[in-house]
Amino acid sequence: MTSQPIIRLIMMMLLAMPALLTATRQLRADPAAKYDEFNKVLSTIKLELPDTSFSTSGLEVAISELECADLSIEDLAIDHSPVSSTMQQMTINVDGVAVTCTFKFDYKWSFFSGSGLGSGVLGRSSTASLDIDFLSTDFGQEPPEVVDMS
């Protein structure tokens, strides 16, 4: 996956923050169900990613209709630190990311060619991290003017 779809995914996760707050309350009652409510929201998200293609050693591959769904997480940590009066940083670390993707593909190599359907699963041993820098001329007077994500 390229960084742009990952950033979109993280942004969608941020939009699901109300469910995360519910999950935090639920954690106090049942630690095993830490992110059940949050994962219910995430499971409704279907990412439709842009078509892509690549070529290597004479093999040409085109991938289309790439869709990812069944997203869930095991743990989430958000850290915030004011660096200066002009910069604040936020880091979002996600552990146990699981997602299933499906796609169509076409290939051509020499006189061989074909097409088909494919799928892939990102298992629970994976992690994701997003660093967000908020920049302002002065946070005491002005809101962020620039947001950098990496």
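Owing to the predicted nature of the structure, the values given are computational and were not obtained by experimental measurement.

Chemist: Would you mind going over the overall build of the chain with me for this structure?
Modeler: When its secondary structure is counted, the chain shows three helices and seven strands. Taken over 150 residues, the chain has a buried fraction of 26%. In the chain, of all internal contacts separated by at least 6 residues, the share reaching a separation of at least 24 is 53%. Carbon together with sulfur atoms contributes 56% to the accessible area of the chain, which is approximately 9400 Å² in total.

Chemist: What is the right way to read the pairing of strand β2 (residues 52-56) from this model?
Modeler: Along a regular strand, successive side chains alternate from one face of the sheet to the other. Note that β2 and strand β3 (residues 59-72) share five bridges and pair antiparallel. Residue pairing across strands places T52 opposite I63, the latter belonging to β3. From the end of β2 to the start of β3, which pair antiparallel, there are two residues, and S57 there has a positive phi angle of about 50°.

Chemist: I'm lost on the state of the cysteines in this one. Help?
Modeler: One covalent bond between the sulfur atoms of two cysteine residues makes up a disulfide. If you walk through the whole model with that rule in mind, you get one disulfide. Here C68 pairs with C101 through a disulfide, and the sulfurs are 2.0 Å apart. In this structure the cystine formed by C68 and C101 twists about its S-S bond by roughly 105°; its chirality is therefore right-handed. One end of the pair, C68, is in strand β3; the other, C101, is in strand β5 (residues 87-109), and 33 residues separate them in sequence. Each of the two residues, C68 as well as C101, counts as buried.

Chemist: Could you clarify how one ought to interpret unusual backbone geometry in this entry?
Modeler: Unusually for a residue other than glycine, S57 sits at a positive phi of about 50°. Residue E65 is not a glycine yet carries a positive backbone phi of 50°. Along the polypeptide, E65 turns up in strand β3. E65 gets classed as partly exposed once you look at its relative accessible area, which sits at 48%.

Chemist: In this structure, what is going on with a nonpolar patch on the surface? I would like to understand it.
Modeler: On the surface, Y107, W109, F111 and F112 cluster together into a nonpolar patch covering about 470 Å² of accessible area. With respect to the helices and strands, the residue F112 is situated in strand β6 (residues 112-135). Among the residues examined, F112 registers a relative accessible area of 42% and is labelled partly exposed.

Definitions and cut-offs
- Residues numbered from 1 in each chain as written.
- Predicted model: local features only at pLDDT ≥ 70, side-chain atom pairs only at ≥ 80, totals over all residues.
- Heavy atoms only, no water.
- Helix = DSSP H or I, 4+ residues; strand = E, 2+ residues; numbered from the N terminus.
- Buried < 20%, exposed > 50% of the residue type's maximum accessible area, 1.4 Å probe, protein only.
- Contact = heavy atoms within 4.5 Å.
- Areas by Shrake-Rupley, 256 points an atom, 1.4 Å probe, with all protein chains shown as cover.
- Pairing = 2+ DSSP bridges.
- Disulfide = S-S within 2.5 Å.
- Patch = residues over 30% accessible without salt bridge, like charges linked within 9 Å, V, L, I, M, F, W, Y side chains within 5 Å.
- Salt bridge = Lys/Arg side-chain N within 4 Å of Asp/Glu carboxyl O.

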